[in-house]
Amino acid sequence: MTDSPIDVASQRREYVSEELRRAMLADEPIRQFERWLREATAQIAQDPTAMTLATVDPEGQPCQRVVLLKGLDQRGFVFFTNLQGRKALHIAAHARVCLHFGWLAQNRQVIVEGTATRVSREEDAVYFNSRPRASQLAAWASRQSEPVADRQALEQQFQRVQSQYQHEEAIPLPAFWGGYRVAPHRVEFWQGRESRLHDRLVYSRNGEKGWSVERLQP
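My aim in this report is to walk through the structure given alongside it, one point at a time.

Reading the values: the criteria
Residues numbered from 1 in each chain as written. Predicted model: local features only at pLDDT ≥ 70, side-chain atom pairs only at ≥ 80, totals over all residues. Heavy atoms only, no water. Disulfide = S-S within 2.5 Å. Buried < 20%, exposed > 50% of the residue type's maximum accessible area, 1.4 Å probe, protein only. 1 Å grid on protein atoms, 1.4 Å probe; cavity = no way out; pocket = protein on both sides within 12 Å on 5 of 7 lines; lining within 4 Å. Points joined across faces, edges and corners; volume = space filled by probe spheres on them. Helix = DSSP H or I, 4+ residues; strand = E, 2+ residues; numbered from the N terminus. Nonpolar A, V, L, I, M, F, W, Y, C, P; charged D, E, K, R; others polar. Core = buried A, V, L, I, M, F, W, Y, C linked by side-chain atoms within 4.5 Å. Contact = heavy atoms within 4.5 Å. Salt bridge = Lys/Arg side-chain N within 4 Å of Asp/Glu carboxyl O. Arc of directions from axis to C-beta. Axes fitted to C-alpha atoms, helices over the stretch in contact; angles between N-to-C directions. Left-handed = near helix turned anticlockwise from the far one by under 90°. Phe/Tyr/Trp six-rings, centres within 6.5 Å; stacked < 30°, edge-to-face > 60°.

Structural notes on the state of the cysteines
And step 1. This model, assessed by the stated rule, comprises 0 disulfides.
And step 2. The thiol sulfur of C98 is not disulfide-bonded, and the nearest other cysteine sulfur, from C63, lies at 13 Å.
And step 3. For C98, a relative accessible area of 22% puts it in the partly exposed group.

Here's what the structure looks like:
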């Protein structure tokens with residue numbers, strides 16, 4: 001007996017939300033994002049800071065994965081990772097990336113297009129030192145994106161690192177671990193609306209003049 005196919009075409013719902021108008025937006029996208037992030041943090045129980053990071057490899061193949069937003073200011077959006085892993089290799093080849101926040105429980109999405117650059121080593125250290133000890137050890141134990149024989153082999157790597165630093169009060173910052181800041185040049189705020197007539201308002205950087213905003217058709 002085989003499982004019956006899932007009728008994906010019939011999976012739908014109506015998006016019922018308040019309107020999003022230009023007059024409701026902040027003058028620049030970081031402030032507007034902070035407003036929506038504050039509301040998402042208050043209303044979404046799990047991972048409101050989760051974002052999909054899209055990169056492109058040297059051959060032009062796009063790749064996506066979910067990472068967590070760990071810093072935000074007027075300079076951009078910050079995340080941390082292994083600097084020898086797949087995403088870091090992609091960024092080294094093509095620094096232009098895209099971030100996507102899918103707050104679908106609120107009928108909202110935010111798309112950030114920008115350029116990723118390394119944060120300072122001081123910023124790396126501040127965030128690394130704030131992490132739980134087990135997460136710090138895992139950063140040392142995992143050779144991110146490299147093949148591993150099985151789960152047991154990975155856990156053995158962790159145990160070796162745990163033993164190595166068992167008498168150390170502080171875990172040192174790995175040279176191969178750090179953060180990136182995505183400086184945005186385009187930020188879209190999407191609000192789901194009835195009949196699929198969604199509100200899409202886009203900030204685009206306008207050189208030294210700041211930001212311009214336009215509405216896009218859904």
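Read on, since the account is not over.
Some thoughts on the layout of surface pockets
And step 1. What the largest pocket holds in volume is close to 460 Å³.
And step 2. Along the wall of the largest pocket there are 18 residues; nearest its centre are F80, T81, R131, Q144 and W177.
And step 3. Within the residue set of the lining of the largest pocket, elements represented by two or more residues are β2 (62-68), β4 (76-82) and α4 (133-141).
And step 4. Considering only residue class, the lining of the largest pocket consists of 9 nonpolar, 5 polar and 4 charged.
And step 5. If you add up the space inside the second largest pocket, you get close to 200 Å³.
And step 6. Forming the boundary of the second largest pocket are 14 residues, of which M24, W36, E39, R108 and Q191 lie nearest the centre.
And step 7. The element contributing the most residues to the lining of the second largest pocket is helix α1 (residues 29-43), with 4 residues.
And step 8. The residue makeup of the lining of the second largest pocket, split by class, is 5 nonpolar, 4 polar and 5 charged.

Quick word on the nonpolar core
Looking at soluble globular proteins, one finds that nonpolar side chains tend to be buried together.
And step 1. Counting 31 residues, the largest nonpolar core has F33, F101, W103 and V110 as its most contacted members.
And step 2. Put simply, the parts of the chain that give this core at least two residues each are α1, β1 (50-56), β4, α2 (86-93), β5 (96-103), β6 (108-118), β7 (177-191) and β8 (199-205).
And step 3. Here the element with the most residues in this core is α1; it accounts for 5 residues.
And step 4. Beyond its immediate sequence surroundings of up to four residues, F101 is in contact with F33, T49, A50, M51, L69, F77, R108, Q109, V110 and V112.

Things to note about the pattern of salt bridges
And step 1. In the structure shown here, the tally under the stated rule is 14 salt bridges.
And step 2. Across the pair E19 and R21 runs a salt bridge whose closest N-O atoms are separated by 3.1 Å.
And step 3. For R21, a relative accessible area of 39% puts it in the partly exposed group.
And step 4. D199 serves as the salt-bridge partner of R215, at 2.8 Å between the closest nitrogen and oxygen. In this pair, R215 is assigned in strand β9 (residues 211-216) and D199 in strand β8, connecting sequence segments 16 residues apart.
And step 5. What makes R215 partly exposed here is its relative accessible area of 43%.
And step 6. Taking relative accessible area as the criterion, D199 reaches 7% and is therefore assigned buried.
And step 7. Through salt bridges with shared partners, a single ionic network connects D73, R75, E123 and R181.

Some points on α2
And step 1. Within α2, burial applies to K87, A88, H90 and I91. Looking straight down α2, one finds that the buried residues subtend no more than 160° of arc, so they occupy a single side. For α2, the exposed residues lying more than 90 degrees away from the buried face are L89 and A92.
And step 2. Where α2 is buried, its residues contact β1, β2, β4, β5, β6 and β7.

Section: the packing of α4 against helix α5 (residues 151-164)
The axes of two packed helices give the description: the angle between them and the distance between them.
And step 1. Closest axis-to-axis distance for the α4/α5 pair is 9 Å, and the angle between their directions is 115°. The handedness of the crossing between α4 and α5 is right-handed. Contacts between α4 and α5 pair A134, L137, A138, W140 and A141 from the former with Q157, F158, V161 and Q162 from the latter.
And step 2. Looking at the contact of α4 with α5, its residues break down into 7 nonpolar, 2 polar and no charged.

Observations regarding the packing of aromatic side chains
And step 1. Under the criterion given, the structure shown has 15 aromatic pairs.
And step 2. With a centroid separation of 4.5 Å and 20° between ring planes, the pair formed by F80 and Y127 is classed as stacked. You can see F80 sitting in strand β4 and its partner Y127 sitting in helix α3 (residues 121-130), a full 47 residues away along the chain. With respect to burial, F80 and Y127 carry one shared label: buried.
And step 3. Plain terms: the ring middles of F189 and Y203 are 5.6 Å apart, the flat faces sit at 70° to each other, and that makes the pair edge-to-face. With F189 in strand β7 and Y203 in strand β8, the pair connects residues that are 14 residues apart, well separated along the chain.
And step 4. Taken together, the ring pairs connect F33, F77, F101 and W103 into an aromatic cluster.

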